[in-house]
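Each chain is listed here by its residues.
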2 protein chains.
Amino acid sequence: MFIIRPVAIDTYPENMAFLPRTGSSYGAEQFQALKKIEICGGDASILATLAILDDDHLLEPGEIGLGEQAFRRLGLPAGTSVTIAQARPPASLDAVRRKIGGALLDAADINAIIADIAHYRYAPMEIAAFLVACAGSMSRAETLALTRAMADAGERLHWPGPLVVDKHCIGGIPGNRTTMIVVPIVAAHGLTMPKTSSRAITSPSGTADTMEVLANVELSAARIQEIVAQENAVLAWGGRVNLSPADDILISVERPLGIDTAEQMVASILSKKLAAGATHLVIDMPVGPTAKVRSEAAAVKLRKLFEYVAGQLGMVIDVVITDGSQPIGRGIGPVLEARDVMQVLRGEADAPADLREHALLLAGRVLDLDPALPGGQGKRRATELLDNGAALAAMHRLMREQGPPPQVAVLGPLVHDITAPSAGHVSAIDCHRIARIARLAGAPMDKGAGIDLFCKVGAHVAVGQPLYRIHAAAPAGLTYARELAAEDDGFSLLP
Amino acid sequence: MFIIRPVAIDTYPENMAFLPRTGSSYGAEQFQALKKIEICGGDASILATLAILDDDHLLEPGEIGLGEQAFRRLGLPAGTSVTIAQARPPASLDAVRRKIGGALLDAADINAIIADIAHYRYAPMEIAAFLVACAGSMSRAETLALTRAMADAGERLHWPGPLVVDKHCIGGIPGNRTTMIVVPIVAAHGLTMPKTSSRAITSPSGTADTMEVLANVELSAARIQEIVAQENAVLAWGGRVNLSPADDILISVERPLGIDTAEQMVASILSKKLAAGATHLVIDMPVGPTAKVRSEAAAVKLRKLFEYVAGQLGMVIDVVITDGSQPIGRGIGPVLEARDVMQVLRGEADAPADLREHALLLAGRVLDLDPALPGGQGKRRATELLDNGAALAAMHRLMREQGPPPQVAVLGPLVHDITAPSAGHVSAIDCHRIARIARLAGAPMDKGAGIDLFCKVGAHVAVGQPLYRIHAAAPAGLTYARELAAEDDGFSLLP
């Protein structure tokens with residue numbers, strides 16, 4: 001028996017426990033074997049990684065220290081008695097081993113794996129083993145089971161009407177912030193569109209990051225319900241409402257390993273949409289040499305997988321394959337993107353035309369899901385709602401209901417212009433490189449950091465003419481971004 | 001710049017660093033992004049996992065705390081100034097990603113991966129990704145390159161003579177402690193056999209654990225050289241001499257994940273033998289329904305892979321497929337196995353005949369590698385050296401040269417007999433189950449814990465007759481082992 005003592009150490013994302021080496025009944029080898037322990041008190045139990053203290057001052061004899069994550073997840077008060085035991089590996093690891101050996105898993109296997117992952121019972125190496133085994137081969141049936149299991153492992157949002165629309169972009173195109181234009185258009189039309197978005201993980205901004213420049217996005221499930229009931233829509237961060245929590249855990253391993261398979265992508269996106277209560281979904285799938293999807297063939301294959309899984313889930317899906325050859329709009333980074341979005345919503349004369357056009361295309365496809373609208377009228381209706389100010393008014397109502405942003409964000413005051421090394425016309429812009437430069441400048445953590453593009457593919461530039469401006473809030477960010485741009489600025493010029 | 005302060009926390013196997021949340025120039029998201037950091041001072045650098053302290057008492061402003069592993073591996077004194085940066089993922093991860101995608105890797109890729117792993121640059125999840133990708137498919141050329149890379153990543157032992165023999169059992173058979181009989185026989189004959197063995201990882205005892213009942217096994221490379229020069233042989237623990245260190249790191253991930261492919265096994269074993277300077281190798285490959293290799297077909301496939309890789313490495317190999325249908329000898333656990341070994345070496349009348357016979361078979365195959373011996377005379381010569389006491393004398397010399405064991409080990413005083421529930425004859429003994437029961441009793445950590453078998457396959461037993469005795473040093477061990485044996489005692493009886 002040990003007495004819990006919280007230890008003020010943040011060991012995100014892992015649970016960590018601390019035991020003194022002396023005064024316990026364990027020897028060195030036993031500690032080594034105990035590396036991963038199960039801590040139990042009453043009905044509560046967690047798995048934690050064990051560290052051994054060789055300093056007698058931190059814990060009293062008989063105490064076990066719990067790091068912040070472990071203490072919170074166990075949920076018992078300080079001073080509670082707990083027992084510890086060597087953690088037994090989760091039983092579902094047997095299925096992972098079969099998958100490594102080439103077997104097909106059934107829905108029960110996959111449910112057990114995802115439930116264990118969602119409850120933090122898998123170590124990162126075990127998650128990696130599951131993901132890599134799945135990357136080796138994964139059937140349509142497995143992908144469907146994975147999607148269902150992930151949606152079932154978290155909360156579900158429920159909506160009164162039969163038609164709940166959603167929209168998702170599979171990403172990779174800097175500046176492609178159409179969601180914040182599509183949602184107000186759809187809300188103005190009157191369809192239900194409760195949009196929960198993610199923050200950026202590896203990109204310079206996610207929709208939640210950009211929306212947070214204009215309004216509060218950390219809304220409770222109850223507040224989301226209220227706003228949607230009143231305004232038909234919301235533009236909230238999804239992280240607060242625990243939709244498909246296993247997805248976030250899988251992503252935390254996928255990203256550093258660079259695992260990016262079609263099956264994982266479909267399961268990730270559709271599980272979140274299913275949990276969010278969407279019945280109809282438009283997917284924006286940009287294809288381009290530096291986008292996430294790099295060929296028409298890959299796009300068609302991915303589209304079919306989306307259609308199969310969504311169909312089995314009873315979800316109506318419309319996958320729109322779009323031009324992903326270069327960034328969209330001008331700004332890249334939260335403040336700059338928010339500026340572009342508001343220019344389009346306000347109908348300003350110099351608003352980025354490509355962002356407006358792309359948003360209207362997608363908003364039209366969403367409105368085409370409305371049975372009340374004659375076929376083929378979606379885009380015309382979307383253009384009408386944008387041009388008559390109804391979408392802008394809807395956006396203002398959403399901003400008012402969601403409340404002001406937690407901090408006022410301003411454009412990064414430190415700037416550096418990247419100029420054309422020779423005269424010519426812009427033949428290509430590398431989405432991936434532009435995103436990395438914006439990220440190094442500090443986006444999305446520094447909301448005002450990023451890149452402001454002055455010209456796009458096809459433009460003619462004179463030698464020394466600025467191609468884009470890097471904005472940063474901190475000198476280090478400006479330096480990192482400048483260095484990366486000096487290596488390769490992402491622009492291809494032809495004479 | 002931060003000042004190093006050692007923190008008395010053992011975070012084996014990971015490097016861990018601690019920074020205070022307040023007083024640093026980082027925000028919460030930056031800490032999250034920094035999760036893995038590179039710490040640099042002078043020419044030294046390490047990667048470490050970062051934990052954030054919310055308690056102001058542990059570190060002074062401007063200090064970075066280093067856990068015991070991190071402090072030791074960085075190798076700089078307390079108070080040294082260091083810089084930190086977000087750890088860049090090792091460049092060789094690109095090759096791992098290609099392997100996940102189904103590509104074949106070349107030797108340069110594999111060398112880079114193994115060098116990074118040996119230098120602790122891979123997180124467990126990255127190692128898992130590499131191993132699972134390899135488990136999906138691995139060519140002979142990749143297995144060869146992996147073996148070479150692993151041997152090259154650590155120390156190498158060098159021996160004067162042209163013929164350096166070694167012997168390895170691929171494991172899974174409790175009590176199969178032939179090495180401690182083979183080595184003295186071969187030493188008495190006069191071949192060079194510098195045997196480095198492992199400790200048990202998942203079994204009730206490794207050769208190093210059992211030898212440590214009789215003598216010190218933690219010998220420096222220099223002392224190993226001296227003993228071999230004088231006695232032709234040694235029976236040392238391999239962990240002290242840093243042979244194929246990447247192998248130990250890979251195993252620390254393979255075991256919990258249950259990855260046990262032929263390719264990994266061949267690379268693991270042959271890299272260790274290559275690094276140990278062996279030129280000729282006998283492999284004992286027991287085949288049985290509860291052994292590691294479960295069918296003749298699997299054994300032949302594995303044998304061919306051993307032969308291919310060893311051949312390319314210029315190593316002479318003889319793979320002996322043996323009977324792995326039941327435990328060998330009587331004792332399972334360090335003290336009990338050491339007793340059996342000494343009974344055989346002393347030629348005692350009731351020494352376990354199967355252990356004697358198995359050891360003579362293998363010693364004979366090793367001696368057959370001696371060009372000076374007429375073909376087919378190995379086993380006869382081995383029997384002669386065992387029966388005339390030369391092998392026992394050689395063992396006594398090894399024990400004297402290696403020195404006394406660090407602690408006197410005695411047989412576990414707590415005992416419980418498992419009895420036959422009905423009369424009949426023993427039709428099968430489950431190696432895996434017997435090993436688990438011995439392990440729960442406390443072996444190998446408690447050297448006196450284990451199982452003493454009273455009968456083997458084919459024996460006729462009366463109802464209530466003892467089948468085996470569990471020995472333990474601690475009451476908890478006896479209870480755990482009894483409980484597991486009560487579920488299933490591992491013996492199959494037929495009327």
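Up top you'll find the structure we're talking about.
Everything numeric here is computed off the predicted structure, so don't read it as measured data. (Residues numbered from 1 in each chain as written. Chains lettered and ligands numbered in written order. Predicted model: local features only at pLDDT ≥ 70, side-chain atom pairs only at ≥ 80, totals over all residues. Heavy atoms only, no water.)

**Brief notes about the packing of aromatic side chains**
So the rule is basically this: For Phe, Tyr and Trp, rings pair up if their centres lie within 6.5 Å, where Trp contributes its six-membered ring, and each pair is then called stacked (planes under 30 degrees apart), edge-to-face (over 60) or tilted (otherwise). Numbering of helices and strands runs from the N terminus; a helix is a DSSP stretch of H or I covering at least four residues, while a strand is a stretch of E covering at least two. Throughout this description, buried means an accessible area under 20% of the type-specific maximum (1.4 Å probe, protein chains only), exposed means over 50%, and partly exposed covers the range between. Counted as over-ring charges are cases with an Arg CZ or a Lys NZ within 6 Å of the ring centre that also lie within 35 degrees of the ring normal.
Here the structure, examined in full by the defined rule, presents two aromatic pairs over all chains. Here the aromatic rings of A:Tyr468 and A:Phe491 are separated by 5.5 Å at their centres, their planes lie at 35 degrees, and the arrangement is tilted. Remark: A:Phe491 occurs in strand β19 (residues 491-494) and A:Tyr468 occurs in strand β18 (residues 466-472); sequence separation between them is 23 residues. For the pair A:Tyr468 and A:Phe491, one class covers both residues: buried. Looking at A:Arg199, its charged tip hangs above the ring of A:Trp237, at a distance of 4.8 Å from the centre. Positioned above the aromatic ring of B:Tyr120, the side-chain terminus of B:Arg73 is 4.1 Å from the ring centre.

**Some points on the relation of the copies chain B and chain A**
In this arrangement, two copies of a chain are superimposed by a rotation about an axis accompanied by a shift along the axis. Heads up, the rule is: In superposing the copies, a least-squares fit is computed on C-alpha atoms, taking residues whose pLDDT is at least 70 in both. Note on contacts: a residue pair is in contact if any heavy atoms of the two residues lie within 4.5 Å.
Each copy of the sequence occupies a distinct position, and chain B is placed on chain A by a rotation of 180 degrees and an axial shift of 0.0 Å, giving an RMSD of 0.1 Å. One copy is carried onto the other by what is essentially a two-fold rotation axis. In terms of C-alpha distance to the rotation axis, chain B has B:Met125 as its closest residue, with the C-alpha 1.9 Å off the axis. Most of the interface of chain B is mirrored in chain A: 100% of its interface residues are interface residues there too.

**Concerning the state of the cysteines**
Here is the rule: By definition, disulfides here are pairs of cysteine sulfur atoms that lie within 2.5 Å.
This model, assessed by the stated rule, comprises zero disulfides over all chains. As a non-bridged cysteine, B:Cys134 has A:Cys134 as the owner of its nearest cysteine sulfur, 17 Å distant. Of the cysteine sulfurs around B:Cys169, a residue in no disulfide, the closest is that of B:Cys431, at 11 Å. Using a relative accessible area of 18% as the deciding quantity, one classes B:Cys169 as buried.

**Points about the packing of helix α7 (residues 179-189) of chain A against helix α15 (residues 378-387) of chain A**
Residues and elements named next belong to chain A. Condition: For helices, the fitted line uses only the C-alpha atoms of the stretch in contact; every axis is such a line through C-alpha atoms, and the angle between N-to-C directions lies from 0 to 180 degrees. Here roughly perpendicular refers to angles of 65 to 115 degrees, roughly parallel to angles under 35, roughly antiparallel to angles over 145, and oblique to all remaining angles. When residues are sorted by character, Ala, Val, Leu, Ile, Met, Phe, Trp, Tyr, Cys and Pro go into the nonpolar class, Asp, Glu, Lys and Arg into the charged class, and all the rest, Gly among them, into the polar class.
As a packed pair, α7 and α15 sit with axes 9 Å apart at the nearest point and diverge in direction by 95 degrees. Between α7 and α15, the angle is such that the two are roughly perpendicular. Seen from α7, the contacting residues are Ile181, Ile185, Ala188 and His189; seen from α15, they are Arg381, Ala382, Leu385 and Leu386. The class makeup of the residues in the contact of α7 with α15 is six nonpolar, one polar and one charged.

**Overview of the interface of chain B and chain A**
Test applied: Accessible area that two parts lose when put together, evaluated with a 1.4 Å probe and summed over both, is termed the buried area. We count a salt bridge whenever a side-chain nitrogen from Lys or Arg sits within 4 Å of a carboxyl oxygen from Asp or Glu. Side-chain atoms alone can form a polar contact between residues adjacent in sequence; in general such a contact is a pair of N or O atoms within 3.5 Å, and within protein one must be able to donate a hydrogen while the other accepts it. For two strands to be treated as a pair, DSSP must find at least two bridges joining them.
Counting residues at the interface gives 40 residues for chain B and 40 residues for chain A. When chain B packs against chain A, the two sides together hide about 3100 Å² of surface, and 70% of this comes from carbon and sulfur. Here chain B is connected to chain A by four salt bridges. Note that B:Arg21 is salt-bridged to A:Glu68, the shortest N-O span being 4.0 Å. Connecting chain B to chain A are 10 residue pairs in polar contact (both at pLDDT 80 or more). Of all the elements in the fold, those that place two or more residues in the side of chain B that touches chain A are β2 (9-10), β3 (16-20), α1 (28-34), β5 (44-53), α3 (93-100), α5 (124-136) and α10 (245-257) of chain B. The biggest single contributor to the side of chain B that touches chain A is α5(B), with eight residues. Its residues assigned to classes, the side of chain B that touches chain A shows 25 nonpolar, five polar and 10 charged. As defined by bridge partners, strand β5 (residues 44-53) of chain A adjoins β2(B) across two bridges and the pair is classed as antiparallel.

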